[in-house]
Amino acid sequence: MITIKGKGVSAGVAAGPLYFYQRASGSIPRYQVEDRGTEWERFKAAQAKAIEQLGVLAEKAREEAGDDAAMLFETHQMMCEDMDYEEAIQNAIADEGLNAEAAVFDSGEFQAEAFAAMEDEYFSARAADVRDISRRIIGILAGVVEGGIDSDVPVVLAADDLAPSETVQLDKSKILGFVTSGGSGSSHTAILARTMGIPAIIGAGDQLREEYAGKEVVIDGGEGVAILDADEETYAKLMKKKEELRKRQELLGQLKGKPNVTKDGHEIRIYCNIGDPKDVPPVLENDGGGIGLFRSEFLYLNCDDYPTEDYQFEAYKKVLSDMGGKEVVIRTLDIGADKMIEYFHLPEEENPALGNRALRICLNRPEIFRTQLRALYRASAYGRLSIMFPMVTAVWEVEEAKKMCEQVKAELDAEGIPYSDHVDVGIMIETPAAAVISDRLAKVVDFFSIGTNDLTQYTLACDRQNNDLGRFFNPHHPAVLRLIKLVAENAHKEGIWCGICGELGADLELTETFLSIGVDELSVSPRAVLPLRQKVRETELGAVKQKLIDELMGD
Ligand code: PEP
Ligand code: MG
């Protein structure tokens, strides 16, 4: 029996084989081949497999988002068989005796550079497509698995850490839980695990060894413990805990349909955070009052090229109509920093968390923003949409973004395309600057939603991705809590609502504090809705209220 200790970031117990996530190594193998004919056959087989994979992706995209979305994959299928591309690869293998991986890489790069040099925007954008298909074929040649998991049975997934672009592509039906050696509680692997309602442990360090692959493991995401080859007694104890948790969840089910109101009548809205239209069923199952944060960048992370207006429209429309008239707050693109997307070709930065990200990218590249806003307003006709901008630091940014909303609405009017007249526009408060000037920002928006993951990172100058910073990353720090109080007060002075959509919203230790401050909404992972409702309903604010506020503001 081997015990691995880390930090539990998503509660629950799961048992299954330990499986290490498979990803392509960064370097492309390059060597000379003796048998050039066989090497050509290797390429042809990988090319056929790539075309087959793209066909599956095209069908999936068609089902989920219509013909336009499928077209991208169909174009990639054709590009795989492009005569010039294939001829260049053949020459590299037959004439130079290169191995197939290197031949594909060199030929792809040559074509991509030629495309990139073209003046025409359409053709220069094709450079990303060639690189993408080359990467796919090289991945197949190197035996890398689509989605990182090649197993017939569900597994406990182990990895050093997973990038957001990797987490979105995972085949979720195969995952029982996560164990990572790196990561942090507010990293996107942890957030994904909580959204999926499965146990997860991060920060296991070098205790997590590849040689354990295939061993039976039981993980306890509450305690942050993974046990390999558990003895009978330990296994039985953990299974008992699993059953208790299931029963507790069942009991919490009795709270469905009940209001989130304290014993002395303070009410709060409890909404959910999602990253994909497929996350809506758990929101409804757990009786979420709405969606307080749809991280729209996950749609972009899931694509190999800029998602089209129609593709996005279908996704937003699906979420809005599935939510049946309940409020849905969709956050505009929040990439950069830890969420990188290759086809954006963002330059490398010394300090990406402080760099070109989120709303900054949207304002600097208005065409991308305009496409998203058009899709959002078109979808607004199908439900109750609110739009939210991330990473705001100044009033002018919001004004410029709102101006673009007005332009998009005018365009839709001119084209006779319907949209709702009641779309609220709000912002995330994630930077100390935004919190400090929230009195001014409150005058130009309809609501605030506090992103405590980033607000903590920026207020405490503490990287949210770095698990080694451990106790220094403290969202309970009075500086963070005082900023939250300030933001809520400034919101209320202007008659707008203020919510929390960072991970702190689900922290039951702070529920009374948030109620005392007068936070109007908490947006949490679907599984956290009912425990939070229970906590609210057990609370009697009364005397606690002033005491908590005094504690926060006192010495
Ligand atoms: C946050 O920063 O708190 C937030 C909700 O956004 P994200 O975690 O996606 O950065
Ligand atoms: Mg954030």
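Residues numbered from 1 in each chain as written. Chains lettered and ligands numbered in written order. Predicted model: local features only at pLDDT ≥ 70, side-chain atom pairs only at ≥ 80, totals over all residues. Heavy atoms only, no water.

Describing helix 13 (residues 366–379)
- Along its 14 residues, helix 13 runs 20 Å from first to last C-alpha, staying within 8% of the 20 Å computed at 1.5 Å per residue.
- The element helix 13 is largely enclosed, with a buried count of 10 among its 14 residues. (Helix = DSSP H or I, 4+ residues; strand = E, 2+ residues; numbered from the N terminus. Expected span 1.5 Å × (residues − 1). Buried < 20%, exposed > 50% of the residue type's maximum accessible area, 1.4 Å probe, protein only.)

A few points about the pairing of strand 16 (residues 521–524)
- Residues Glu521 and Ser523 line one face of strand 16 and the alternating positions Leu522 and Val524 line the opposite face, and both faces are buried.
- In the sheet, strand 9 (residues 269–274) pairs with strand 16 via 4 bridges, with the strands oriented parallel. By the bridge assignment, arginine 269 is partnered in strand 16 with glutamate 521.
- In the sheet, strand 15 (residues 497–500) pairs with strand 16 via 2 bridges, with the strands oriented parallel. Note on strand 16: the bridge partner recorded for glycine 499 is glutamate 521.
- Following the backbone out of strand 15, through helix 19 (residues 511–517) and into the adjacent parallel strand 16, one traces a crossover that is right-handed. (Pairing = 2+ DSSP bridges. Right-handed = clockwise from strand over helix to strand, strands pointing away.)

Structural notes on the packing of aromatic side chains
- Summed over the entire model, instances satisfying the criterion amount to 10 aromatic pairs.
- Aromatic side chains tryptophan 40 and phenylalanine 43 sit 5.2 Å apart centroid to centroid with 35 degrees between the ring planes, which places their arrangement in the tilted category. Within this pair, tryptophan 40 and its partner phenylalanine 43 are both found in helix 1 (residues 36–65), separated by 3 residues, close to a single helical turn.
- The cationic tip of arginine 269 hangs over the ring face of tryptophan 497; the distance from NZ or CZ to the ring centre is 4.6 Å.
- Lying across the ring of tyrosine 382, lysine 317 places its NZ or CZ 4.8 Å from the centre. (Phe/Tyr/Trp six-rings, centres within 6.5 Å; stacked < 30°, edge-to-face > 60°. Lys NZ or Arg CZ within 6 Å of the ring centre and 35° of its normal.)

Quick notes on the pairing of strand 14 (residues 447–450)
- Alternating positions in strand 14 separate into two faces, Phe447 and Ser449 on one and Phe448 and Ile450 on the other, with burial throughout.
- Of the strand pairs in this sheet, strand 13 (residues 424–429) and strand 14 are connected by 4 bridges, and their pairing is parallel. Residue methionine 428 lies in a different strand from strand 14, and its bridge partner there is serine 449.
- Taken together, the 4 bridges between strand 14 and strand 15 define a ladder with parallel strand orientation. Within strand 15, the residue paired with phenylalanine 447 across the bridge is tryptophan 497.

Here's the deal with the sheet that holds strand 8 (residues 225–228)
- Taken together, 8 strands build an open sheet; the order of strands is 1-8-7-3-4-5-6-2 and the sheet is mixed. Two strands close off the open sheet at either side, each with one partner strand: strand 1 (2–5) and strand 2 (7–10). Each strand of the sheet is rotated relative to its neighbour by a mean of 30 degrees, with strand direction disregarded.
- Where strand 5 (residues 175–180) lies against strand 6 (residues 200–202), 2 bridges are found, and the strand directions are parallel. The partner of valine 179 across the bridge, within strand 6, is isoleucine 201.
- Here helix 7 (residues 188–196) sits on the sheet and contacts strand 2, strand 5 and strand 6; the angle it forms with strand 5, its principal contact strand, is near 155 degrees.
- Seen against the sheet, helix 8 (residues 232–252) touches strand 3 (13–20), strand 7 (216–220) and strand 8 and runs at an angle of roughly 120 degrees to strand 3. (Axes fitted to C-alpha atoms, helices over the stretch in contact; angles between N-to-C directions. Contact = heavy atoms within 4.5 Å.)

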